[in-house]
Amino acid sequence: MPGKYLFLLLIIFSCAGLYGQDSPIRIIEQPKPALPADYGVLCAQGTLRLKVEFLASGEIGKIIPVTRMPVSNLTELAIAAAKRIEFLPEIRGGEPVTRFMATDYIFRPNFGGWSIPKKPAARTIGCTRADAQAEAVLQKAIKNLGGDKYLQVKTQIGRGKFSVMREGTVISFQSFIDVIVFPDKERTEFKGGGVKSVQTNVGSTGWTFDGDAELIKIQDEKQIADFRRGIRVSLDHLLRGSWRNDATLSYVGKRAATLGKRNDVVKLIYKDGLTVEFEFTSDEGLPQKAIYSRVNAENEEIKEEDRYAQFVEVDGVKSPFIIDRFTKGVQSSRINYETIEFNKAVPDSIFAKPSNPKELKKDLKL
């Protein structure tokens, strides 16, 4: 790369040759980004756009990502390449000036990696390598869970017991009724020790009822965020395709499971960086696990794992009647369904926040 003084000479000669005329930025050399270390197995393609500051001095200033590639370190590699751009600055009134300009880099693993478009490119993010194998895993699971009947489920009403575990022992449990209208409406009522509590969410809003204090409260940002994360790491969200246009899907490979058996593993990476791995039995294609992380109040990253078991067929649709939650490798809770109903009519009124706590003392009737 030419040094600073060579750039200044180029600027002087350019300005002199133009006799004070205005001229746009001239790119002398624009290196391609380096290939990522996981290039051979990376499942990602698309256009990454950077807002680059071209300084009057002939140097690169600030670089601001307009879009990011949410996998590997593609964004960082593109930024590093942009810092090496050689150029002649824009000339206005015979003087070099500083300006920002959009700069695109296209990453396509099936076509040699990086390329630089001559014109602004469509800003898309997709997945081409290994995604066919991942999609095959999903389709196999959907077929074994009920095929079209599974995909056509619009509502789900589940009843059962929720247990809190510590050191392998149940320390408390509550009965529950959980009402879901896919994709993002849910009301869950818990009863234990004669006390009732309710949590209700609709999209990015929600409310709770504390039976002990007989108070109805609007959910705070953390509660809403926890609910939204719960949707995005759920099995139904994966298999019914609600993640599409918001995440990339890739096939990770096979992972040891029970003795002599291995699971197929697929990975979802959302645009905001949330990553979820799902495991499916290689033979039947039944879901086994969802693995992801959350950050606690101490800013510590906590590994969570949901394990699915005891699949029961109801009206042609199979569902796990047991879901065990493991936190940092230790079982922390269990959901044990006793009954599940699909596609039963659910009135919108049950999701509305009541004005009086007394209304919530009545049993939910559906």
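Look a little higher up for the structure.
Residues numbered from 1 in each chain as written. Predicted model: local features only at pLDDT ≥ 70, side-chain atom pairs only at ≥ 80, totals over all residues. Heavy atoms only, no water.

Peer 1: Looking at this structure, I do not really get the overall build of the protein chain. What am I missing?
Peer 2: Helices and strands together make up the secondary structure of the protein chain, namely six helices and 22 strands. Burial status across the protein chain gives 42% buried among its 366 residues. For the protein chain, restricting intrachain contacts to residue pairs at least 6 apart in sequence, the fraction spanning at least 24 positions comes to 56%. Carbon and sulfur atoms form 52% of the exposed surface of the protein chain, whose accessible area is close to 19700 Å². (Helix = DSSP H or I, 4+ residues; strand = E, 2+ residues; numbered from the N terminus. Buried < 20%, exposed > 50% of the residue type's maximum accessible area, 1.4 Å probe, protein only. Contact = heavy atoms within 4.5 Å. Areas by Shrake-Rupley, 256 points an atom, 1.4 Å probe, with all protein chains shown as cover.)

Peer 1: Sorry if this is basic, but what is going on with the packing of aromatic side chains here?
Peer 2: Any aromatic ring pair is given by two values, namely how distant the centres are and how the planes are angled relative to each other. Within this structure, the stated rule accounts for six aromatic pairs. Centre to centre, the rings of Tyr105 and Trp114 are 6.4 Å apart; their planes meet at 90°, and the pair counts as edge-to-face. One exposure class covers both Tyr105 and Trp114, and it is buried. Taking 6.2 Å as the distance between ring centres and 65° as the angle between the ring planes, the aromatic pair formed by Phe321 and Tyr337 counts as edge-to-face. Highlighted residues: Phe321 in strand E21 (residues 317-327) and Tyr337 in strand E22 (residues 330-342), separated in sequence by 16 residues. Take Phe321: its relative accessible area is 6%, and that puts it in the buried class. Classification of Tyr337 as buried rests on a relative accessible area of 11%. An aromatic cluster of at least three residues, connected via ring pairs, comprises Tyr105, Phe107 and Trp114. Its end group placed over the ring of Phe100, Lys51 keeps NZ or CZ at 5.1 Å from the ring centre. For Arg240, the ring lying beneath its charged end belongs to Phe182, and the centroid distance is 4.7 Å. (Phe/Tyr/Trp six-rings, centres within 6.5 Å; stacked < 30°, edge-to-face > 60°. Lys NZ or Arg CZ within 6 Å of the ring centre and 35° of its normal.)

Peer 1: Is there a simple way to explain helix H5 (residues 221-232) in this structure?
Peer 2: For an α-helix the count is 3.6 residues per turn, leaving residues at separations of three or four pointing the same way. The first and last C-alpha atoms of H5 sit 16 Å apart over 12 residues, in line with the 16 Å expected at 1.5 Å per residue. Every buried residue of H5 is listed here: Ile224, Phe227, Ile231 and Arg232. Taken around the axis of H5, the buried residues stretch over an arc of 140°, which confines them to a single face. Against the buried residues of H5 lie strand E12 (185-192), strand E13 (195-202), strand E14 (205-210), helix H6 (235-239), strand E17 (262-270) and strand E18 (275-281). Structurally, the start of H5 carries an N-cap: the backbone nitrogen of Lys222 is 3.2 Å from a side-chain oxygen of Asp220. (Expected span 1.5 Å × (residues − 1). Arc of directions from axis to C-beta. Polar contact = N/O pair within 3.5 Å; in protein donor to acceptor, adjacent residues only side chain to side chain.)

Peer 1: Help me out: how do you make sense of the pattern of salt bridges in this one?
Peer 2: Pairing between side chains of opposite charge can happen when their charged atoms approach one another. Under the counting rule described, the total for this entry stands at 27 salt bridges. Notably, a salt bridge pairs Arg307 with Glu305, separated by 2.6 Å at the nearest N-O pair. The partly exposed category is assigned to Arg307, whose relative accessible area is 31%. Look at Glu305 and you get buried, because its relative accessible area is 9%. Three or more residues joined by partner-sharing salt bridges are found here, namely Glu90, Arg92 and Arg99. (Salt bridge = Lys/Arg side-chain N within 4 Å of Asp/Glu carboxyl O.)

Peer 1: How do you make sense of the nonpolar core when you look at a structure like this?
Peer 2: Inside soluble globular proteins, nonpolar side chains tend to come together where they are buried. By size, the foremost hydrophobic cluster in this structure holds 35 residues, and its most contacted members are Leu238, Leu239, Val266, Phe278 and Phe280. Among the elements that make up this core, the one with the highest residue count is helix H3 (residues 131-145) (six residues). Ignoring sequence-local partners within four residues, the contact set of Phe278 consists of Val233, Ser234, Leu235, Leu238, Asp264, Val265, Val266, Leu268, Lys289, Ala290 and Tyr308. Judged by nonpolar contacts, the second largest core, of 19 residues, contains Phe54, Ile79, Ala81 and Ala82. (Core = buried A, V, L, I, M, F, W, Y, C linked by side-chain atoms within 4.5 Å.)

Peer 1: For this particular structure, what's the right way to read H3?
Peer 2: For H3, built from 15 residues, the straight-helix expectation of 21 Å at 1.5 Å per residue is met to within 8% by its first-to-last C-alpha distance of 21 Å. Listed in full, the buried residues belonging to H3 are Asp131, Ala134, Val137, Leu138, Ala141, Ile142 and Leu145. When H3 is viewed along its axis, its buried side chains cluster within an angular range of 135° and face the same direction. For H3, the exposed residues set more than 90 degrees away from the buried face come down to Ala132 and Lys143. Gly146 sits one or two positions beyond H3 and adopts a positive phi of about 135°.

Peer 1: I keep staring at the pairing of strand E16 (residues 247-256) and nothing clicks. Help me out?
Peer 2: Sheet faces and side chains relate simply in a regular strand, where the side chains alternate between the two faces. Pairing geometry for E16 and E17, over nine bridges, is antiparallel. From the neighbouring strand, Ala247 faces E17, where its bridge partner is Tyr270. (Pairing = 2+ DSSP bridges.)

Peer 1: Looking at this structure, how should I read the environment of Pro36?
Peer 2: The topology assignment puts Pro36 in the loop between strand E1 (26-29) and strand E2 (45-54). Each C-alpha atom, one on Pro36 and one on Asn73, is 6.7 Å from the other, the two residues being 37 residues apart in sequence.

Peer 1: Please explain the side chain of Thr103 as it appears in this structure.
Peer 2: With respect to the helices and strands, Thr103 occurs in strand E7 (residues 99-108). When near neighbours in sequence (up to four residues on either side) are disregarded, Thr103 contacts Gln30, Leu48, Arg49, Leu50, Val52, Phe54 and Ile85.

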